[in-house]
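Overview (structure and organization)
Now for the letters of each chain:
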Amino acid sequence: MIYAAVLAGGAGIRMRRDDLPKQFLPLGGKSILAHSALRFLNNTNIDKVLIAVPDDWLAYTEHLFSSDKDAGVHSAKIVLVQGGADRNSSLMAVVDKIVTLYGVADDDIIVSHDAVRPFFTQRIIDENIEACKICGAAATIYPFTDTPVLSTDGETISNIPVRNGFYVAQTPQTFNIKLLMEVYTSLSDDDKSILTDASKMFVLKNKTVRIVQGESYNLKITTPFDYILAQALINENNIE
């Protein structure tokens, strides 16, 4: 089985909105969350789409998808999950739900994605799955185009490294579920508290993570300016 985990557990404080967490903000007639979920719902390689949201927003999310005609035709693929305090705890909450509902086979895969990245493509999903089948883990990245600057004190420049070899992390990230469970269980409590990226867990444990090339428009909607860019992108209506 191949599962998608759409992680929408955050509050979106940097968006400076008190009425809605950022994943529920409207974008081209649908919520940001719905756009991301539909990418997976429309992918024939994905068997189930598990959506992790804050406990207080579970009922709202259920209504959101039950009233969406595009999502409605895929209702049997959707499972809602109470998210955790951070990305990795939400991901593992999804894994726990999978174990409870379906069990886990040796070749089961989970494609993990930030709900507030609604512009990823079917190519990225498919290449993540194929890369994961090779070594058990894959991550979407994009070349770093600006000049990186290091400051150890936040006031002065400590170093300006050459940007060759530097990339920006995107999602999806994709893992063999049994391997993910093994890696996560092997972490100390301190590791779990500071690691915010699942692929970093694999690197820390010397596991191979294959690269999938991302896209410049696979942006994460974090700030009000990001939201403005997303509205411009959705109006282009040509991202597949």
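No experiment lies behind these values; they were computed from the predicted model shown.

Bringing the pairing of strand S4 (residues 48-53) into the picture now. Within S4, six of the six residues are buried, leaving the element largely enclosed by the surrounding structure. Side-chain alternation along S4 places Lys48, Leu50 and Ala52 on one buried face and Val49, Ile51 and Val53 on a second face that is also buried. Where strand S1 (residues 2-7) meets S4, five bridges bridge the pair, whose relative direction is parallel. Bridge pairing in S4 links Val6 to Ile51.

Here helix H4 (residues 87-102) spans 22 Å end to end across 16 residues, near enough to the 22 Å set by a 1.5 Å rise per residue. Residues of H4 that are buried include every one of Asn88, Ser90, Leu91, Met92, Ala93, Val94, Val95 and Ile98, and no others. Tucked inside the fold, the buried residues of H4 contact S1, S4, strand S5 (78-82), strand S6 (109-114), helix H6 (177-186) and helix H8 (198-204). For H4, the capping residue at the N-terminal end is Asp86, with a side-chain oxygen 3.4 Å from the backbone nitrogen of Asn88. One or two residues past the end of H4 sits Gly103, with phi positive at roughly 75°.

Here the focus is a nonpolar patch on the surface. On the surface, Met1, Leu101 and Tyr102 cluster together into a nonpolar patch covering about 270 Å² of accessible area. You can see Met1 is positioned in the segment before S1.

Below, the discussion takes up the environment of Val203. Tracing the sequence through the fold places Val203 in helix H8. With relative accessibility at 55%, the residue Val203 sits in the exposed group. Taking C-alpha positions, Val203 is 23 Å from Asn218, a pair spaced 15 residues apart along the chain.

The next subject is the nonpolar core. Counting residues in each nonpolar core, the largest one holds 38 residues, and the members touching the most others are Leu33, Phe40, Ile46, Ile51 and Phe65. For this core, the elements supplying multiple residues, two or more each, are S1, helix H1 (32-41), S4, helix H2 (58-66), S6, helix H5 (122-135) and helix H9 (224-236). A per-element tally of this core places H1 first, with seven residues. Listed in part, the 26 residues of the second largest apolar core include Ala52, Val81, Val183 and Ala198.

This part is about H9. When the terminal C-alpha atoms of H9 are compared, their 19 Å separation across 13 residues agrees well with the 18 Å that a helix rising 1.5 Å per residue should span. Those residues of H9 that fall on the buried side of the exposure criterion are Asp226, Tyr227, Ala230 and Ile234. Relative to the axis of H9, the buried residues are bounded by an arc of 100° and lie together on one face. Of the exposed residues in H9, those oriented more than 90 degrees away from the buried face are Phe225, Ile228, Asn235 and Glu236. Along its buried surface, H9 packs onto strand S2 (26-27) and H1.

Relative to the elements of secondary structure, Asn128 occurs in helix H5. With a relative accessible area of 0%, Asn128 lands in the buried category. Excluding anything up to four places from it in sequence, Asn128 contacts Ala138, Ala139, Thr140, Pro172, Gln173, Thr174 and Val212.

Here we come to the packing of aromatic side chains. Working definition: an aromatic ring pair is given by the centre-to-centre distance plus the angle between the planes. The final tally for this structure, using the stated rule, is six aromatic pairs. Their ring planes at 35° and their centres at 5.7 Å tell us that Tyr3 and Tyr102 sit as a pair that is tilted. Taken together, the residues Tyr3 in strand S1 and Tyr102 in helix H4 connect sequence positions 99 residues apart. Owing to a relative accessible area of 1%, Tyr3 belongs among the buried residues under this scheme. Tyr102 gets classed as partly exposed once you look at its relative accessible area, which sits at 34%. Pairing Phe40 with Phe120 gives two aromatic rings, centres 5.0 Å apart and planes at 40°, and the pair type is tilted. With a gap of 80 residues between them, Phe40 in helix H1 and Phe120 in the loop between S6 and H5 connect regions that are remote in the sequence.

Below, the discussion takes up the environment of Leu204. The residue Leu204 is located in helix H8 in this model. Taking the C-alpha atoms as reference points, Leu204 and Val183, separated by 21 residues in sequence, lie 9.3 Å from one another. Those residues in contact with Leu204 that lie beyond four places of it in its chain are Leu187, Asp191 and Leu195.

Quick notes on the rules
Residues numbered from 1 in each chain as written. Predicted model: local features only at pLDDT ≥ 70, side-chain atom pairs only at ≥ 80, totals over all residues. Heavy atoms only, no water. Buried < 20%, exposed > 50% of the residue type's maximum accessible area, 1.4 Å probe, protein only. Helix = DSSP H or I, 4+ residues; strand = E, 2+ residues; numbered from the N terminus. Pairing = 2+ DSSP bridges. Expected span 1.5 Å × (residues − 1). Contact = heavy atoms within 4.5 Å. Polar contact = N/O pair within 3.5 Å; in protein donor to acceptor, adjacent residues only side chain to side chain. Patch = residues over 30% accessible without salt bridge, like charges linked within 9 Å, V, L, I, M, F, W, Y side chains within 5 Å. Areas by Shrake-Rupley, 256 points an atom, 1.4 Å probe, with all protein chains shown as cover. Salt bridge = Lys/Arg side-chain N within 4 Å of Asp/Glu carboxyl O. Core = buried A, V, L, I, M, F, W, Y, C linked by side-chain atoms within 4.5 Å. Arc of directions from axis to C-beta. Phe/Tyr/Trp six-rings, centres within 6.5 Å; stacked < 30°, edge-to-face > 60°.

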